[in-house]
Amino acid sequence: QVQLVESGGGSVQAGGSLRLSCAYTMSTWCMGWFRQAPGKEREGVAVITMDGDTSIADSVQGRFTISRDNAKNTLYLQMNSLKPEDTAMYYCAARVRSSGCSRDIRENAYNYWGQGTQVTVSS
């Protein structure tokens with residue numbers, strides 16, 4: 001069983017930075033960060049395969065970076081130049097299958113999810 005635990009969230013002012021971490025018990029092919037704001041659909045922020053291939057949402061391109069350290073069993077999301085619209089609950093997720101690694105959960109299902117970590121960006 002894969003367990004995921006996020007950390008690193010918090011409240012920051014616009015323009016600030018945060019680094020989210022996701023500790024996992026077992027490495028999987030595809031891992032990603034998703035976020036959901038109140039009243040909005042959950043959206044894929046960034047995903048990464050075990051080989052290091054990434055896909056990052058246009059809305060965070062140039063500001064967010066996803067990475068993983070398999071030796072430390074940790075997934076990261078470096079968030080810079082944060083904007084108020086980045087405010088959301090951020091979730092770490094893992095997909096077991098070795099084919100497909102999409103930010104769209106309608107395309108690729110993710111098997112395991114963390115409890116989420118809140119990110120709040122004030123103006």
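Cut-offs and rules
- Residues numbered from 1 in each chain as written.
- Predicted model: local features only at pLDDT ≥ 70, side-chain atom pairs only at ≥ 80, totals over all residues.
- Heavy atoms only, no water.
- Salt bridge = Lys/Arg side-chain N within 4 Å of Asp/Glu carboxyl O.
- Buried < 20%, exposed > 50% of the residue type's maximum accessible area, 1.4 Å probe, protein only.
- Helix = DSSP H or I, 4+ residues; strand = E, 2+ residues; numbered from the N terminus.
- Contact = heavy atoms within 4.5 Å.

### Concerning the pattern of salt bridges
Move 1: Taken as a whole and assessed by the stated rule, the structure comprises four salt bridges.
Move 2: Here R35 makes a salt bridge to E43, at a shortest N to O gap of 2.7 Å.
Move 3: With a relative accessible area of 5%, R35 lands in the buried category.
Move 4: Here R106 ties to D104 by a salt bridge, and the two come within 3.0 Å at their closest N and O atoms.
Move 5: Take R106: its relative accessible area is 76%, and that puts it in the exposed class.
Move 6: Bridged by salt links that share partners, the residues R35, E43, R63 and D86 form one connected network.

### As for the environment of Y91
Move 1: Its location among the elements puts Y91 in strand 9 (residues 88–95).
Move 2: For Y91, a relative accessible area of 16% corresponds to the buried category.
Move 3: In the structure, Y91 is positioned 26 residues away from T65 in sequence and 15 Å away in space, judged by C-alpha atoms.
Move 4: Ignoring sequence-local partners within four residues, the contact set of Y91 consists of E6, G32, W33, F34, Q36, R42, W113, G114, Q115 and G116.

So far we have only geometry, and geometry alone does not tell us how the molecule works.
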